[in-house]
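Reading the structure
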Amino acid sequence: MALTMEVLSFRKMMMIIVMIMMIGNMAQSELHHVGGNKISWSPKVNLSEWSSHENFHVDDWLYFGYDRYMYNVLEVNETSYKNCMETNFIKNVTGGAGRDVFHLQEAKTYYFLSRGGFCLKGMKVAINVTENIAATQPPVPPKNNASDARGIQSLCHGRLN
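All values reported here derive from a predicted model rather than from experimental measurement.

**Considerations on the packing of aromatic side chains**
- Within this structure, the stated rule accounts for eight aromatic pairs.
- Taking the centre distance of 5.0 Å and the plane angle of 45 degrees together, the rings of Y81 and Y111 count as tilted. With Y81 in helix α3 (residues 78-83) and Y111 in strand β7 (residues 109-113), this residue pair connects regions lying 30 residues apart in the sequence. Of the two residues, Y81 and Y111, both sit in the buried class.
- Taken together, the ring pairs in this structure connect W41, F64, F102, Y110 and F112 into an aromatic cluster.
- The ring of Y110 carries the charged tip of K108 above its face, separated from the ring centre by 4.7 Å.

Structure follows, in structure tokens:
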């Protein structure tokens, strides 16, 4: 009976640890409104300029807000992006309501465009995704030796007691 309780207790502890890790990952992700606000997937917005000032990481999300009667969102490859080719897309992100989200699941460059000739009017964006960067650790101080002490002392003009 005691062994069964220990196993259950261990399983509960592991479940709690996994949940904490999942919550931590969710807290690290960010939602990016493509173009800068809730309805800015449009040819009137310089999407390349916007994306150049954003930092995208794995597990972040993109929010595409747009006029659902005019525009759509396609994930395409680099060649299709450069040439505004609407066929053979990777994924149709369009959900129909004009409020679509896309999960950035790996470190790579993602390419999106809108069909119907709008890509040629600038309605496309490349999103460069990098790995999540862990919080930086403070620098480790160098090992204390006589030459370091002399250097510090000379900087302080001999004011060390």
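**Considerations on the environment of V58**
- Mapped onto the elements, V58 comes out in the loop between β2 (56-57) and β3 (61-65).
- Once the C-alpha coordinates of V58 and E131 are considered, the two residues, 73 residues apart in sequence, prove to be 5.4 Å apart.
- Those residues in contact with V58, other than ones at most four positions away along the chain, are L104, Q105, E106, A107, V129, T130, E131 and N132.

**Notes on the state of the cysteines**
- Under the counting rule described, the total for this entry stands at one disulfide.
- Paired through a disulfide, C84 and C119 show a sulfur-sulfur distance of 2.1 Å. Its S-S torsion of about -70 degrees marks the bond between C84 and C119 as left-handed, since a negative value means left-handed. Of the two residues, C84 is situated in the loop between α3 and β5 (91-92) and C119 in the loop between β7 and β8 (124-130); the sequence distance between them amounts to 35 residues. Considered together, C84 and C119 belong to a single accessibility category, that of buried residues.

**Quick notes on the nonpolar core**
- Formed by 21 residues in total, the largest nonpolar core has its most connected members in W41, L62, F64, F112 and I127.
- The set of elements that each furnish at least two residues to this core consists of α2 (47-52), β3, β7 and β8.
- Looking at this core element by element, the count peaks at three residues for β8.
- Residues V76, Y81, Y111 and L113 belong to the second largest nonpolar core, which totals seven residues.

**Remarks on the sheet that holds strand β4 (residues 74-76)**
- As summarised here, the arrangement of the five strands in space is β2-β8-β7-β4-β5, forming an open sheet in which the pairing is mixed. Both outer strands of the open sheet, β2 and β5, are each paired with one neighbouring strand and no more.

Scoring rules and cut-offs
- The written sequence of each chain sets the order in which its residues are numbered from 1.
- For a predicted model such as this one, the threshold for reporting local features is a pLDDT of at least 70, and the threshold for listing and counting side-chain atom pairs is 80 or more; totals across whole chains, interfaces and linings nevertheless cover every residue.
- Side-chain descriptors were evaluated using all non-hydrogen atoms of the structure, hydrogens and water having been removed beforehand.
- A pair of aromatic rings is counted whenever rings of Phe, Tyr or Trp (Trp by its six-membered ring) have centres within 6.5 Å, and the orientation is called stacked for planes under 30 degrees apart, edge-to-face for over 60 and tilted otherwise.
- Strands are runs of DSSP state E lasting at least 2 residues, helices are runs of H or I lasting at least 4, and numbering of each runs from the N terminus.
- Three exposure classes are used, based on accessible area relative to the maximum for each residue type with a 1.4 Å probe and protein chains only: buried under 20%, partly exposed in between, and exposed over 50%.
- Definition used: whenever NZ (Lys) or CZ (Arg) falls within 6 Å of the ring centre and also within 35 degrees of the ring normal, the charge is taken to sit over that ring.
- Contacts: residue pairs with any heavy atoms within 4.5 Å of one another.
- Note on disulfides: each one is a pair of cysteine sulfur atoms within 2.5 Å.
- Residues belong to one nonpolar core when they are buried, are Ala, Val, Leu, Ile, Met, Phe, Trp, Tyr or Cys, and are joined through side-chain atoms within 4.5 Å.
- Here, strands pair whenever DSSP counts at least two bridges between them.

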